[in-house]
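Here is what each chain is made of, one letter per residue.
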Amino acid sequence: MRDEGFMALVDKFYSTDNGRIANGFLVASYSAFGVPGQQWYAGISAVVMLALLWAWAAALRRCSGWQVPRGLPLFSAAMILALFCFASTNTYKTFFWPASSVSHTLPPVLTAAATIPALLATSRRGRALAIATACVVGAVMGTLSEETSVVALTLLALTMLLARKLFPAERLAFVRTWCASAGGGIVLGTAVLLTSPGSRNRRAHHHAGAMFAPESLAASLRGYAHILLTLVTNWQYLAAIAVGTLIGVLVRREDGGIPRPDHRAPLVLGFGVLALLVSGYVCTVITHPAFGSSVATANRLWNDYLFLLLLLLLGAGGLLGNLLVRRYRRSARPVAVGTTLLSVGVTVVLAVALRDLGSDMRARGMAWDGQDRLLRNEAAAGATVLRYKPLVISKMTEPFGNKDKRAWPAACVATYYHVKEITDGPQGS
């Protein structure tokens, strides 16, 4: 793709689609490579997210001063990422569909990684760099994902409110400045997004002004209750508690002793749960106008706060593991083995599900390639109306789906092949 094509897509996001400039930049980055870009996005994003989570885990370990076995940070990061991406009611939409991952899967991980400079800052220059980085990343996040921005702002507000109870006096000014810088960046980016022509078009199309109507708020609350029920009954998320328990059992102080849990730990978990409940509901409210009742089943929209839930489960498991090892030191090894086996068992279950999904994707890909060649040949021969056979996978929106109530997918396919119209049916029928 030429530069003007790249920038044209970014401008389309800003001026027409939704106003998300950073989102458009990432979409243009993989779209520049055509179909291979779509195919390789999932693998590349997985490597990037794993590297960021590994670096974040290492920064947390260094900041705490605790000692852990060498491979534990990578193992923990890999497990949380596996649960985040694959323990889903629709893994295809959550992870393999680039448009969804860019908006709802990658942003929470980027937000967590943005704290790395703050965790490692020990000098005046390091603190200044961390504050500047927080502002820049916040501004990018504001134009990347509205929902992740909501979660981040909620956490930042609660952190500033409770900063005096959570941080030592010598770090208080830095923490508050960092939070203000990050929050200011998010507000700035969100302002750019909300004032964009694309965002105004989207809000007008979905009648977003009605999101605060009593009936919409009530429907959002019902949908959010359904979402929470789905999340808390997903047994695979027990692996997050297991990983946290493993960390709690194995972590040691620098002198080799078993650390006692900080008295602030329950407060951190408590305000984390509060942030999850508040931000999750707000995310549901702002997405309800576009998704309606399906907001309760569109699982890709949950990732913006699901990541926070997994971190809370990890923290709860850490407290549990620490309690067990302090009370029953001889049980440390059996607990470590048991939690590791549980984590590995969950990954095996996820791998089996991914194998089946992989077979479906290959079959769908081969069918798409065959139909694509036929459609291109027909269009090149001068046809202006093509027959298109829907190739649905994982409840993805296809032309003529939902009893043909959505006209825009067919219009998009016609535009893609530069023809006037497509009709329902296999090519050549």
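A few points on the structure. (Residues numbered from 1 in each chain as written. Predicted model: local features only at pLDDT ≥ 70, side-chain atom pairs only at ≥ 80, totals over all residues. Heavy atoms only, no water.)

1. Looking at the overall build of the protein chain
The helix and strand tally for the protein chain stands at 17 helices and 2 strands. Here the C-alpha radius of gyration of the protein chain, 24 Å, is about what a compact globule of 429 residues would show, namely 22 Å. With the C-alpha coordinates of the protein chain rotated into their principal frame, the extents come out at 75 × 45 × 45 Å. Out of the 429 residues in the protein chain, the part that is buried amounts to 43%. Considering only intrachain contacts with a sequence separation of at least 6, the fraction spanning at least 24 residues in the protein chain is 77%. (Helix = DSSP H or I, 4+ residues; strand = E, 2+ residues; numbered from the N terminus. Rg over C-alpha atoms; globule rule 2.2 N^0.38 Å. Buried < 20%, exposed > 50% of the residue type's maximum accessible area, 1.4 Å probe, protein only. Contact = heavy atoms within 4.5 Å.)

2. Considering the nonpolar core
Within soluble globular proteins, side chains that are nonpolar tend to cluster in buried spots. The biggest cluster of nonpolar side chains holds 62 residues, and the ones touching the most others in it are Leu-83, Leu-231, Tyr-305 and Phe-307. The residues touching Leu-231, leaving out its near neighbours within four places in the chain, are Tyr-237, Trp-302, Tyr-305, Leu-306 and Leu-309. (Core = buried A, V, L, I, M, F, W, Y, C linked by side-chain atoms within 4.5 Å.)

3. Let's talk about a nonpolar patch on the surface
A cluster of nonpolar side chains, Trp-235, Leu-238, Leu-342 and Val-349, forms an exposed patch at the surface whose accessible area comes to about 360 Å². Within the fold, Leu-342 resides in helix H16 (residues 332-380). Of the residues examined, Leu-342 reaches a relative accessible area of 39% and is grouped as partly exposed. (Patch = residues over 30% accessible without salt bridge, like charges linked within 9 Å, V, L, I, M, F, W, Y side chains within 5 Å. Areas by Shrake-Rupley, 256 points an atom, 1.4 Å probe, with all protein chains shown as cover. Salt bridge = Lys/Arg side-chain N within 4 Å of Asp/Glu carboxyl O.)

4. Concerning the packing of helix H6 (residues 98-113) against helix H9 (residues 146-166)
Relative orientation of the contacting elements H6 and H9 amounts to 30°, with a least axis distance of 9 Å. As far as their axial angle goes, H9 and H6 are roughly parallel. As for how H6 packs across H9, the hand of that crossing is right-handed. In this structure, H6 contributes His-104, Pro-107, Pro-108 and Thr-111 to the contact, and H9 contributes Glu-147, Thr-148 and Ala-152. The residue inventory of the contact of H6 with H9, partitioned by class, reads 3 nonpolar, 3 polar and 1 charged. (Axes fitted to C-alpha atoms, helices over the stretch in contact; angles between N-to-C directions. Parallel < 35°, antiparallel > 145°, perpendicular 65-115°, else oblique. Left-handed = near helix turned anticlockwise from the far one by under 90°. Nonpolar A, V, L, I, M, F, W, Y, C, P; charged D, E, K, R; others polar.)

5. A few points about the environment of Ala-336
For Ala-336, the location among the structural elements is in helix H16. As a C-alpha pair, Ala-336 and Gly-248 span 88 residues in sequence and 9.4 Å in three-dimensional space. Setting aside anything within four residues of it in sequence, one finds Ala-336 in contact with Leu-246, Val-249 and Leu-250.

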